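# Analysis of the macromolecular model
These are the residues of each chain, in order.
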Amino acid sequence: MRIRFFPILAHVLAIIAVAPLIWILISALKPAEDVFNFGWPSTWTLDNLQYVLLKIPMPRFMLNSAIVSVTVTVIALFFHSMAAYALARLRFPGRGIIFSGIMSTLLVSLPVILVPLFLVAKQLGLLDSYAGLIVPSIFHAFGIFLLRQYYLNIPRELEEAADLDGCGYWRRYWSVILPLSRPVLASLSVLFFLANWNAFLWPLTITRNPDLRVIQLGVSGMQGQYASAWNLILAAAVIAAIPTVVVFVAGQRRLVDAMKTTGLK
C-alpha cells in the first residue's frame, strides 16, 4: 500500500507544480477579454506574443540577460574550478580556514551586503555597465563547494601518472582534472545560467540605463506600464521562461548525476 501511495503522491505534487505554468501559457494565448476566464479560450491568438516581441524591447532585454548569464557562467566555472582544485588537492597553510571562510559567505544573503556592494561598484566605476552586472555575480561559494567535493572523489593515481610525465600543477589541472570535470561543470552551468537569468535585485540596483535592462526588469516594468493588460504581461513571462526551460531540460540529467557523485543527498 505504501509503495503505491508514493507514486500517486508524486504525480499529484507534479500536477500542482506544473498547473500554474500551464495556466500562464494558455492565458498568454487568449484574447484580452478572456484572460481571467477559466478553461479554454474561445479563440486562440498569437497577438500577445507578437506585440511583446515587436512593440516592447523584449529582444533587447533577452540579449542583455543572455550576455550576462553566459559570461558569468563561463568565467565563474573557470575560476571556481581552479579554486576548488587548489582546496581539494594542494597542501598549503590555512587551507581549511580559507575554505571555511568561503563557505561562511553562504550565510550572508544579497540584501545584507547590497549597500556596501553598491558603494564598491560605484567607486570602481561599474554603475550602468555590463561589468557591473557581471563582475559581482561571478563568485559563489556553492560552486566552489560542489567542485571541491567532486575533485575529492577523483583518484590521485591519475595525477601521480601525470607527475611521472613531468606535468606541473597547471598541466595537471588543465589536462587531467578539467576534462574529468565535465559532468559537474555541465550541472553548474545550468545552475549559474538559471540564477543569473532570473536575477532581479542586483540588476535593479546597479543599472538605470534602459538599454541595460535584463529580462526580469523588463517584465517587472511592464507591470507598471501595462497594469491592466495582463495578457501582455503573461505573454512576456512566457517568453522570459522559454530559455530557462530549455536550459533546464537539456541539463537536468547532468545535474542529477553531479549531485550523486559529489556526495550530496
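Here, every reference points to the structure presented above.
What this report covers is the structure whose coordinates are included nearby. For every chain, the first residue of the written sequence is number 1, and numbering continues from 1 along that sequence. Local features in this predicted model are restricted to residues of pLDDT 70 or higher, and side-chain atom pairs are both shown and tallied only at a pLDDT of 80 or more, whereas totals for entire chains, interfaces and linings draw on every residue. Only hydrogens and water are removed before side-chain values are computed, so all heavy atoms of the structure are retained for them.

## As for unusual backbone geometry
For Asp128, which is not a glycine, the phi torsion comes out positive at approximately 50 degrees. Helix numbers and strand numbers start at the N terminus; a helix is a DSSP run of H or I with at least 4 residues, a strand a run of E with at least 2. Note that Asp128 resides in the loop between α5 (110-123) and α6 (130-134). Using a relative accessible area of 35% as the deciding quantity, one classes Asp128 as partly exposed. Relative accessible area decides the class of each residue, using a 1.4 Å probe on protein chains only: under 20% of the type maximum gives buried, over 50% gives exposed, and in between gives partly exposed.

## Overview of the environment of Thr45
Note that Thr45 resides in the loop between α1 (2-28) and α2 (47-55). Among the residues examined, Thr45 registers a relative accessible area of 16% and is labelled buried. Counting along the chain gives 15 residues from Thr45 to Lys30, while the straight-line C-alpha distance between them is 5.9 Å. Every residue pair with non-hydrogen atoms within 4.5 Å of one another is taken to be in contact. Look past the residues within four positions of Thr45 in its chain and what remains in contact with it is Ala28, Leu29, Lys30 and Pro31.

## Some details on a nonpolar patch on the surface
The patch calculation keeps residues exceeding 30% relative accessible area without a salt bridge and links them within 9 Å when they carry like charges or within 5 Å when they are nonpolar (Val, Leu, Ile, Met, Phe, Trp, Tyr). Every accessible area reported is derived by Shrake-Rupley at a probe size of 1.4 Å, with residue values counting cover from the shown protein chains alone. In the sections that follow, a salt bridge refers to a side-chain nitrogen of Lys or Arg positioned within 4 Å of a carboxyl oxygen of Asp or Glu. A cluster of nonpolar side chains, contributed by Leu107, Val108, Leu110, Val112, Ile113, Phe200, Leu201 and Leu204, occupies part of the molecular surface with about 680 Å² of accessible area. It is α5 that provides the largest number of residues to the nonpolar patch, a total of three residues. Here Leu204 lies in helix α11 (residues 201-206). Take Leu204: its relative accessible area is 40%, and that puts it in the partly exposed class.

## Comments concerning the packing of helix α8 (residues 156-164) against helix α9 (residues 169-180)
Closest axis-to-axis distance for the α8/α9 pair is 10 Å, and the angle between their directions is 155 degrees. On the basis of the axis angle, α8 is roughly antiparallel to α9. For the crossing formed where α8 meets α9, the hand is right-handed. Listed contacts from α9 to Leu158, Glu159, Ala162 and Asp163 of α8 are Arg172, Val176, Ile177 and Leu180. Ten residues, namely Ala, Val, Leu, Ile, Met, Phe, Trp, Tyr, Cys and Pro, are considered nonpolar, four, namely Asp, Glu, Lys and Arg, are considered charged, and the remaining ones, Gly among them, are considered polar. Grouping the constituent residues of the contact of α8 with α9 by class yields five nonpolar, no polar and three charged. Structural elements are reduced to axes, namely lines fitted to C-alpha atoms, with helices fitted over the stretch in contact, and the angle between N-to-C directions of any two is expressed from 0 to 180 degrees. Note that the term roughly parallel is reserved for angles under 35 degrees, roughly antiparallel for angles over 145, roughly perpendicular for angles of 65 to 115, and oblique for everything else. Left-handed is the label given to a crossing in which the near helix is rotated counterclockwise from the far helix by less than a right angle, and right-handed is the label when the rotation is clockwise.

## Observations concerning the packing of aromatic side chains
When the centres of two rings from Phe, Tyr and Trp lie within 6.5 Å, Trp using its six-membered ring, the rings pair. Their planes under 30 degrees apart give stacked, over 60 give edge-to-face, and anything left gives tilted. Taken as a whole and judged by the stated rule, the model has seven aromatic pairs. Considering the side-chain rings of Tyr85 and Tyr173, the 6.0 Å spacing of their centres and the 45 degrees angle between planes classify their relative orientation as tilted. Taken together, the residues span a long stretch of sequence, with Tyr85 in helix α3 (residues 58-89) and Tyr173 in helix α9 at a distance of 88 residues. Residue Tyr85 shares its accessibility class with Tyr173, and that shared class is buried. With 5.7 Å between their ring centres and 15 degrees between their planes, Trp170 and Trp174 make a pair best called stacked. Taken together, the residues Trp170 and Trp174, both in helix α9 and four residues apart, mark about one turn of the helix. When its relative accessible area of 49% is taken as the criterion, Trp170 is described as partly exposed. Aromatic ring contacts, followed pair by pair, group Tyr85, Tyr150, Tyr151, Trp170, Tyr173 and Trp174 into a single cluster. Positioned above the aromatic ring of Phe99, the side-chain terminus of Arg148 is 4.1 Å from the ring centre. Only when the NZ of Lys or the CZ of Arg is both within 6 Å of the ring centre and within 35 degrees of the ring normal is a charge said to sit over the ring.

## Comments concerning the pattern of salt bridges
Counted under the stated rule, the structure contains two salt bridges. A salt bridge links Arg172 to Glu159; the shortest N-O distance between them is 3.8 Å. Placement of the pair is Arg172 in helix α9 and Glu159 in helix α8, with a sequence separation of 13 residues. For the pair Arg172 and Glu159, a shared accessibility class is recorded, and that class is buried. Residues joined in a network through salt bridges with shared partners are Arg89, Glu159 and Arg172.

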